[in-house]
Amino acid sequence: MAETVTLRVKRRSAPDSRACWEEFRVRVPPTANVVAALKEIRKTPVNAAGRPTPPVVWDCSCLEGVCGACAMLINGKARLACTALLKDLAQPVRLEPLSKFPVVRDLMVDRTALFEGLKRAKAWIELDGTHDLGPGPRVQQSLQAWTYELSRCNSCGCCMEACPQVNGRSAFIGPAPLAQITRFNAHPLGESLRAERLEAARGPGGVHECGKAQNCEKVCPKRLPLVWAIAELNRQAVAYSIRQWLSR
(Lines give C-alpha, C1' and ligand atoms only; values in the text may rest on other atoms or scores of the structure.)
Protein backbone atom coordinates (compact mmCIF):
# COMPACT_ATOMS: atom_id res chain seq x y z
CA MET A 1 0.00 0.00 0.00
CA ALA A 2 1.30 3.43 -0.95
CA GLU A 3 2.20 5.96 1.72
CA THR A 4 2.39 9.74 1.61
CA VAL A 5 5.89 11.17 1.98
CA THR A 6 6.82 14.83 2.40
CA LEU A 7 9.95 16.14 0.71
CA ARG A 8 11.55 19.58 1.02
CA VAL A 9 13.76 20.25 -1.98
CA LYS A 10 16.31 23.04 -2.17
CA ARG A 11 15.86 24.41 -5.66
CA ARG A 12 17.80 26.68 -7.96
CA SER A 13 16.71 27.35 -11.55
CA ALA A 14 20.21 28.32 -12.73
CA PRO A 15 23.77 28.35 -11.34
CA ASP A 16 23.59 32.06 -10.49
CA SER A 17 19.99 32.16 -9.28
CA ARG A 18 18.88 32.38 -5.66
CA ALA A 19 18.14 29.11 -3.88
CA CYS A 20 14.71 28.47 -2.37
CA TRP A 21 12.91 25.60 -0.66
CA GLU A 22 9.86 23.89 -2.14
CA GLU A 23 7.77 21.21 -0.46
CA PHE A 24 6.15 18.22 -2.15
CA ARG A 25 3.89 15.39 -1.04
CA VAL A 26 3.98 12.15 -3.00
CA ARG A 27 2.52 8.69 -2.58
CA VAL A 28 5.04 5.87 -2.94
CA PRO A 29 5.33 2.21 -1.84
CA PRO A 30 6.77 1.63 1.66
CA THR A 31 9.98 0.23 0.18
CA ALA A 32 10.58 3.18 -2.18
CA ASN A 33 13.84 5.11 -2.30
CA VAL A 34 14.41 8.84 -2.76
CA VAL A 35 14.78 8.45 -6.52
CA ALA A 36 11.30 6.89 -6.71
CA ALA A 37 9.85 9.91 -4.90
CA LEU A 38 11.63 12.30 -7.26
CA LYS A 39 10.22 10.37 -10.22
CA GLU A 40 6.72 10.80 -8.81
CA ILE A 41 7.31 14.54 -8.63
CA ARG A 42 8.52 14.50 -12.23
CA LYS A 43 5.36 12.69 -13.35
CA THR A 44 3.11 15.20 -11.57
CA PRO A 45 5.07 18.40 -10.88
CA VAL A 46 2.71 19.97 -8.34
CA ASN A 47 4.00 21.22 -4.99
CA ALA A 48 2.40 20.71 -1.58
CA ALA A 49 0.41 23.92 -1.98
CA GLY A 50 -1.21 22.51 -5.11
CA ARG A 51 0.60 24.84 -7.53
CA PRO A 52 2.17 23.52 -10.74
CA THR A 53 5.96 23.86 -10.72
CA PRO A 54 8.87 22.83 -12.95
CA PRO A 55 9.95 19.22 -12.38
CA VAL A 56 12.86 18.76 -10.00
CA VAL A 57 16.18 18.21 -11.80
CA TRP A 58 18.63 15.61 -10.48
CA ASP A 59 21.19 13.12 -11.79
CA CYS A 60 20.78 9.35 -11.82
CA SER A 61 21.73 6.43 -14.01
CA CYS A 62 22.22 2.91 -12.69
CA LEU A 63 19.80 2.96 -9.71
CA GLU A 64 22.03 0.29 -8.11
CA GLY A 65 24.50 2.34 -6.07
CA VAL A 66 27.22 1.86 -8.69
CA CYS A 67 27.43 4.98 -10.87
CA GLY A 68 27.40 7.59 -8.07
CA ALA A 69 25.43 10.09 -10.17
CA CYS A 70 22.57 10.53 -7.70
CA ALA A 71 24.71 11.74 -4.78
CA MET A 72 23.07 14.57 -2.85
CA LEU A 73 22.51 15.80 0.70
CA ILE A 74 19.66 13.84 2.26
CA ASN A 75 18.64 15.17 5.66
CA GLY A 76 22.00 16.90 5.79
CA LYS A 77 24.12 13.83 4.99
CA ALA A 78 25.93 13.13 1.72
CA ARG A 79 24.64 9.85 0.31
CA LEU A 80 23.21 8.19 -2.80
CA ALA A 81 19.52 8.80 -3.45
CA CYS A 82 19.06 5.34 -4.97
CA THR A 83 20.15 3.56 -1.78
CA ALA A 84 18.35 5.89 0.65
CA LEU A 85 15.04 4.24 1.58
CA LEU A 86 12.28 6.65 2.56
CA LYS A 87 11.10 4.42 5.41
CA ASP A 88 14.46 4.96 7.12
CA LEU A 89 14.41 8.77 6.82
CA ALA A 90 12.90 11.35 9.14
CA GLN A 91 10.21 13.49 7.53
CA PRO A 92 10.06 15.91 5.95
CA VAL A 93 12.94 14.53 3.91
CA ARG A 94 15.29 17.42 3.06
CA LEU A 95 17.03 17.14 -0.30
CA GLU A 96 19.88 19.51 -1.18
CA PRO A 97 22.63 19.51 -3.82
CA LEU A 98 26.17 18.70 -2.73
CA SER A 99 27.62 21.96 -1.44
CA LYS A 100 31.25 21.41 -2.50
CA PHE A 101 30.43 21.51 -6.22
CA PRO A 102 28.84 24.23 -8.40
CA VAL A 103 25.09 23.79 -8.78
CA VAL A 104 23.81 23.32 -12.32
CA ARG A 105 20.13 23.24 -11.38
CA ASP A 106 18.17 22.02 -8.37
CA LEU A 107 19.93 18.85 -7.15
CA MET A 108 22.30 18.51 -10.12
CA VAL A 109 25.90 19.63 -9.59
CA ASP A 110 29.01 19.94 -11.73
CA ARG A 111 31.66 17.50 -10.42
CA THR A 112 34.39 18.67 -12.77
CA ALA A 113 36.68 19.40 -9.79
CA LEU A 114 36.61 15.72 -8.83
CA PHE A 115 37.42 14.58 -12.35
CA GLU A 116 40.21 17.14 -12.65
CA GLY A 117 41.66 15.70 -9.45
CA LEU A 118 41.62 12.24 -11.02
CA LYS A 119 43.47 13.67 -14.01
CA ARG A 120 46.12 15.15 -11.73
CA ALA A 121 46.40 11.77 -10.02
CA LYS A 122 46.82 10.08 -13.41
CA ALA A 123 44.26 7.50 -12.34
CA TRP A 124 44.80 5.21 -15.29
CA ILE A 125 47.25 2.70 -16.75
CA GLU A 126 48.92 3.64 -20.01
CA LEU A 127 48.98 1.10 -22.83
CA ASP A 128 51.41 1.10 -25.73
CA GLY A 129 48.85 0.99 -28.53
CA THR A 130 45.86 -1.26 -29.14
CA HIS A 131 47.80 -4.28 -30.41
CA ASP A 132 47.99 -7.51 -28.42
CA LEU A 133 50.53 -7.02 -25.62
CA GLY A 134 50.37 -10.60 -24.45
CA PRO A 135 49.60 -11.69 -20.89
CA GLY A 136 50.09 -9.10 -18.18
CA PRO A 137 52.23 -9.54 -15.07
CA ARG A 138 51.01 -11.83 -12.32
CA VAL A 139 49.47 -10.02 -9.38
CA GLN A 140 49.35 -11.56 -5.92
CA GLN A 141 45.87 -12.29 -4.59
CA SER A 142 46.51 -10.22 -1.47
CA LEU A 143 47.30 -7.22 -3.69
CA GLN A 144 44.29 -7.90 -5.88
CA ALA A 145 42.06 -7.94 -2.81
CA TRP A 146 42.77 -4.44 -1.50
CA THR A 147 43.25 -2.76 -4.89
CA TYR A 148 39.87 -4.16 -5.90
CA GLU A 149 38.30 -2.40 -2.93
CA LEU A 150 39.70 0.95 -4.11
CA SER A 151 38.63 0.20 -7.70
CA ARG A 152 35.00 0.22 -6.52
CA CYS A 153 35.06 4.02 -6.18
CA ASN A 154 32.16 5.44 -8.19
CA SER A 155 33.31 9.09 -8.15
CA CYS A 156 30.10 10.15 -6.40
CA GLY A 157 31.80 13.00 -4.51
CA CYS A 158 30.39 12.13 -1.08
CA CYS A 159 33.88 11.96 0.41
CA MET A 160 34.70 15.43 -0.90
CA GLU A 161 31.43 16.78 0.47
CA ALA A 162 32.26 15.48 3.95
CA CYS A 163 35.91 16.57 3.88
CA PRO A 164 36.48 19.90 5.69
CA GLN A 165 39.69 20.43 3.70
CA VAL A 166 37.76 20.59 0.41
CA ASN A 167 36.62 24.19 0.32
CA GLY A 168 36.98 27.42 -1.60
CA ARG A 169 40.12 28.41 0.33
CA SER A 170 42.04 25.18 -0.30
CA ALA A 171 43.54 23.52 -3.36
CA PHE A 172 43.12 20.05 -1.78
CA ILE A 173 42.16 17.60 -4.52
CA GLY A 174 40.19 15.39 -2.15
CA PRO A 175 40.17 11.83 -0.81
CA ALA A 176 38.96 10.02 -3.93
CA PRO A 177 41.82 11.10 -6.26
CA LEU A 178 44.43 10.46 -3.56
CA ALA A 179 43.12 6.94 -2.94
CA GLN A 180 43.37 6.21 -6.67
CA ILE A 181 47.06 7.16 -6.63
CA THR A 182 47.60 4.47 -4.00
CA ARG A 183 45.64 1.99 -6.08
CA PHE A 184 47.41 2.55 -9.39
CA ASN A 185 50.87 2.82 -7.82
CA ALA A 186 50.39 -0.69 -6.44
CA HIS A 187 49.61 -2.23 -9.82
CA PRO A 188 52.61 -3.56 -11.80
CA LEU A 189 51.36 -1.84 -14.97
CA GLY A 190 50.99 1.45 -13.11
CA GLU A 191 54.65 1.59 -12.15
CA SER A 192 55.58 3.69 -15.21
CA LEU A 193 53.63 6.70 -13.89
CA ARG A 194 54.47 6.20 -10.22
CA ALA A 195 56.88 9.15 -10.00
CA GLU A 196 54.43 11.50 -11.73
CA ARG A 197 51.64 10.45 -9.37
CA LEU A 198 53.84 11.00 -6.33
CA GLU A 199 54.83 14.42 -7.64
CA ALA A 200 51.13 15.26 -7.79
CA ALA A 201 50.61 13.78 -4.31
CA ARG A 202 53.27 15.98 -2.73
CA GLY A 203 52.44 19.07 -4.78
CA PRO A 204 49.86 21.82 -4.13
CA GLY A 205 46.60 20.35 -2.89
CA GLY A 206 48.26 17.00 -2.29
CA VAL A 207 48.26 14.48 0.52
CA HIS A 208 49.97 16.85 3.00
CA GLU A 209 46.81 18.99 3.02
CA CYS A 210 44.69 16.15 4.39
CA GLY A 211 43.45 17.19 7.83
CA LYS A 212 42.87 13.56 8.91
CA ALA A 213 39.25 14.23 9.85
CA GLN A 214 38.37 10.74 8.52
CA ASN A 215 34.90 11.94 7.51
CA CYS A 216 35.51 10.59 4.01
CA GLU A 217 35.45 6.96 5.05
CA LYS A 218 32.38 7.45 7.26
CA VAL A 219 30.19 8.72 4.39
CA CYS A 220 31.61 6.63 1.54
CA PRO A 221 28.67 4.61 0.15
CA LYS A 222 31.06 1.87 -1.01
CA ARG A 223 32.84 1.68 2.40
CA LEU A 224 36.25 2.12 0.80
CA PRO A 225 39.37 2.09 3.06
CA LEU A 226 40.08 5.74 2.29
CA VAL A 227 41.85 6.53 5.57
CA TRP A 228 44.29 3.66 5.07
CA ALA A 229 44.81 4.53 1.38
CA ILE A 230 45.66 8.16 2.18
CA ALA A 231 47.97 7.13 5.02
CA GLU A 232 49.77 4.71 2.70
CA LEU A 233 50.09 7.43 0.06
CA ASN A 234 51.52 9.81 2.64
CA ARG A 235 54.16 7.19 3.50
CA GLN A 236 55.01 6.79 -0.19
CA ALA A 237 55.21 10.55 -0.75
CA VAL A 238 57.54 11.05 2.24
CA ALA A 239 59.82 8.21 1.12
CA TYR A 240 59.85 9.62 -2.42
CA SER A 241 60.73 13.10 -1.14
CA ILE A 242 63.62 11.70 0.93
CA ARG A 243 64.98 9.80 -2.07
CA GLN A 244 64.73 12.95 -4.20
CA TRP A 245 66.61 14.94 -1.57
CA LEU A 246 69.35 12.31 -1.20
CA SER A 247 69.85 12.11 -4.96
CA ARG A 248 70.73 15.81 -5.27
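Residues numbered from 1 in each chain as written. Predicted model: local features only at pLDDT ≥ 70, side-chain atom pairs only at ≥ 80, totals over all residues. Heavy atoms only, no water.

Q: So what exactly am I meant to see when it comes to the packing of aromatic side chains here?
A: What characterises a pair of aromatic rings is the spacing of the ring centres plus the angle enclosed by the ring planes. If you walk through the whole model with that rule in mind, you get one aromatic pair. Ring centres of Trp 146 and Trp 228 lie 4.9 Å apart, and the angle between their planes is 70°; this geometry places the pair in the edge-to-face category. Residue Trp 146 is found in helix α3 (residues 141-151), and its partner Trp 228 is found in helix α8 (residues 226-246); the two are separated by 82 residues along the sequence. On the accessibility criterion, Trp 146 (27% relative accessible area) is partly exposed. (Phe/Tyr/Trp six-rings, centres within 6.5 Å; stacked < 30°, edge-to-face > 60°. Helix = DSSP H or I, 4+ residues; strand = E, 2+ residues; numbered from the N terminus. Buried < 20%, exposed > 50% of the residue type's maximum accessible area, 1.4 Å probe, protein only.)

Q: Honestly, the pairing of strand β5 (residues 93-96) in this entry has me stumped. Any pointers?
A: Here strand β1 (residues 3-11) runs beside β5; their pairing, made up of three bridges, is parallel. In the sheet register, Val 9 faces β5, and the bridge partner there is Leu 95. Relative to β5, strand β3 (residues 71-74) runs antiparallel, the two being bridged by two bridges. Looking at the pairing, Ile 74 lines up with Leu 95 of β5. (Pairing = 2+ DSSP bridges.)

Q: When you look at the packing of helix α5 (residues 175-186) against helix α6 (residues 194-202) in this model, what are you seeing that I'm missing?
A: When two helices pack together, their arrangement is given by the angle between the helix axes and the distance between those axes. One can describe the packing of α5 onto α6 by two numbers: an axis separation of 10 Å at closest approach and a directional angle of 160°. Our classification of the angle between α5 and α6 gives roughly antiparallel. Considering how the two elements wind past one another, α5 and α6 form a crossing that is left-handed. Contact residues: Ile 181, Phe 184 and Asn 185 in α5; Arg 194, Arg 197, Leu 198 and Ala 201 in α6. Each residue belonging to the contact of α5 with α6 can be placed in one class, and the counts come to four nonpolar, one polar and two charged. (Axes fitted to C-alpha atoms, helices over the stretch in contact; angles between N-to-C directions. Parallel < 35°, antiparallel > 145°, perpendicular 65-115°, else oblique. Left-handed = near helix turned anticlockwise from the far one by under 90°. Contact = heavy atoms within 4.5 Å. Nonpolar A, V, L, I, M, F, W, Y, C, P; charged D, E, K, R; others polar.)

Q: Sorry if this is basic, but what is going on with the pattern of salt bridges here?
A: Opposite charge on two side chains makes pairing possible when the charged atoms of those side chains draw close. Summed over the entire model, instances satisfying the criterion amount to 12 salt bridges. Here Arg 11 ties to Asp 106 by a salt bridge, and the two come within 2.9 Å at their closest N and O atoms. Here Asp 106 lies in the loop between β6 (103-105) and β7 (108-109) and Arg 11 lies in strand β1, a separation of 95 residues in the sequence. Overall, the relative accessible area of 6% leaves Arg 11 in the buried class. (Salt bridge = Lys/Arg side-chain N within 4 Å of Asp/Glu carboxyl O.)

Q: Explanation requested: a nonpolar patch on the surface in the structure shown.
A: A surface patch of nonpolar side chains, about 440 Å² in accessible area, is lined by Val 238, Ile 242, Trp 245 and Leu 246. Looking at the element boundaries, Leu 246 is found in helix α8. The exposed category is assigned to Leu 246, whose relative accessible area is 59%. (Patch = residues over 30% accessible without salt bridge, like charges linked within 9 Å, V, L, I, M, F, W, Y side chains within 5 Å. Areas by Shrake-Rupley, 256 points an atom, 1.4 Å probe, with all protein chains shown as cover.)

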